[in-house]
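Fold and geometry: a report
Listed below are the residues making up each chain.
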Amino acid sequence: MPKQFIDFGAVKAAVSFQQVLDHYGFTAQMRGTRNGDGLEGPCPIHEGTSQDTFKVTLSKNCWFCHNSSCKCGGNHLDFVAKMENCNAHEAALKIDEWFNLGLAGKADSSPQRRDGAPKSSAPSAQQQPMPRQRFNGTSSPAAESKVAEEPQEEPGENVPLSFKLENLKTDHTYFTERGLTPETVAEFGLGFCAKGTMSGRIVIPIHNKAGELVGYGGRWPGQPPEERPKYKLPMGFKKSAEVFNLDRSQMEEKGLPLIVVEGFFDVIKLWQQGFHRVVSIMGSSLSPRQEELLAEASRERSGILLMFDEDEAGRAGREKALVRLARRMFVRVVPLPQEGAQPDHLTENELHALLD
Ligand SMILES: [Zn+2]
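Bear in mind the structure is a predicted one, so any value in this text is a computation, not a measurement.

Its location among the elements puts Glu47 in the loop between strand 2 (38-41) and strand 3 (54-57). Placed 22 residues apart in sequence, Glu47 and Ser69 show a C-alpha to C-alpha distance of 9.8 Å.

Structure (C-alpha cells):
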C-alpha cells in the first residue's frame, strides 16, 4: 500500500510544540524559563529525573535533551517520533489524528510554503551539536515572519483539549469531607487523578462558555506537602480567559441574578444547595476578559451578586470588581457573616438568608 501523503510543514504550522506537550500532559511538570519562551524539566524521552536536561524553546517549536542517554533534539515531529518510537511520517499522521487536522492525504495547503513539494522533516540531531537555524526548519523571510506573527494570529483563547482524563476515582473521601454528594461529583465530572501531571489531586474540568473542555484545575486533597500548591492549573492555561461554570449557569432560568464567587468548590457547593446560577472567577481578581464574559452573561439577568471570601484578598478583589462591573450592570455585594468565611462553608439556611 502506498504511504498516505502528509505535508510535514502544514502539520508543524498547525500545531505548536506547546500543544504537543499538553497532549502528553507534560507541560505542568516543566518550569518556565527565558520570560516564558523556554521550558525545562525532566526528559520524557529517556524518562530521566533530573529537572533541567530537557529544554524547549516555544517560539521555535524546538527541544533538546542534554543527557548522555539522549543528546538529541529537533522539532515537534522529531519529539513525537521519539516518544512513539516511530518515524517522522508516522509522527505527522499521529499529530494529524490527535488534533483532528484533516491534513492526511491532502496536498500542501500551507500558504507559507513556496516550493510546493512535500518536505521531509529535518534529520535527527543524534550526537551532533545543533546549529541554531535548524530549529526554524528554514530561515526564509516567510518562515521568520510566521513565527513573529503567531501571537497576533492567536487570540488569547484556551484551545479545547484533545483528550479527557480517564479513570478518575469518584469516591475519594475528600468529597465526603467537603459534603459533596455523588450526584454533584458526577455532575461536575470531579475525580481523584492518580497519574500524570495532576497525579495526587482532585481534578475539576473547566469548560469555556461554549461548553468545550479547555483544562483541569487540580486541588490537593487536604493540606499539600511542602512546596506543592493547594491548587494547580496546567502551565499555559489562561485562567483570565475563562469563567468557571459559565456554560452550565447559562442553561439556568434567565431573569435571576448571577452569583459570582472565587473558588471552584464555592460554585460546586452552591450548585448542590440549589443555587445553579453561580460562576467562579478562579481567584479574587476579575480580569478584563472575565468582566466581558460576565457582562454578556448577565444581559438577560437581574445583575450580579458578588459573594467573595470574607478575608483581605476577597474584600480587595470584591471592591475592584464592584467598581468595574457597576458601570455596566446591577451589582450587589453579599458580605459573609464572619471573618474568614467562604461561600462553600455556609449552610443552606445561611445561603438562603443571604441570597433570597
Ligand atoms: Zn533525554
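Structure shown, so let's carry the discussion forward.
The subject of this paragraph is the pattern of salt bridges. A complete count under the given rule lists 13 salt bridges for this structure. Linking Glu296 and Lys209 is a salt bridge whose minimum nitrogen-to-oxygen distance equals 2.9 Å. In this pair, Glu296 sits in helix 10 (residues 288-297) while Lys209 sits in the loop between strand 7 (201-207) and strand 8 (213-219), placing the two residues 87 residues apart along the sequence. Overall, the relative accessible area of 38% leaves Glu296 in the partly exposed class. Close ionic contact of Arg328 with Glu292 constitutes a salt bridge, the shortest N to O distance being 2.8 Å. A residue pair is termed long-range when its members are at least 10 positions apart, and Arg328 in the loop between helix 11 (312-326) and strand 13 (331-333) and Glu292 in helix 10 qualify at 36 residues. Taking relative accessible area as the criterion, Arg328 reaches 39% and is therefore assigned partly exposed. A single salt-bridge network, built from bridges that share partners, covers Glu291, Glu292, Arg324 and Arg328.

This part covers the sheet that holds strand 11 (residues 278-280). The parallel open sheet is built from four strands, whose spatial order is 11-10-12-13. The sheet is open, and its two edges are formed by strand 11 and strand 13, each paired on a single side. Across the sheet, the axes of successive neighbouring strands diverge by a mean angle of 25 degrees, strand direction being ignored. Relative to strand 12 (residues 304-306), strand 10 (residues 258-261) runs parallel, the two being bridged by three bridges. Among the inter-strand pairings, Ile259 is bridged to a residue of strand 12, identified as Leu305. Together, strand 10 and strand 11 form the strand contacts of helix 9 (residues 264-272), whose direction differs from that of strand 11 by roughly 170 degrees.

Reading the values: rules and limits
- Residues numbered from 1 in each chain as written.
- Predicted model: local features only at pLDDT ≥ 70, side-chain atom pairs only at ≥ 80, totals over all residues.
- Heavy atoms only, no water.
- Helix = DSSP H or I, 4+ residues; strand = E, 2+ residues; numbered from the N terminus.
- Salt bridge = Lys/Arg side-chain N within 4 Å of Asp/Glu carboxyl O.
- Buried < 20%, exposed > 50% of the residue type's maximum accessible area, 1.4 Å probe, protein only.
- Pairing = 2+ DSSP bridges.
- Axes fitted to C-alpha atoms, helices over the stretch in contact; angles between N-to-C directions.
- Contact = heavy atoms within 4.5 Å.

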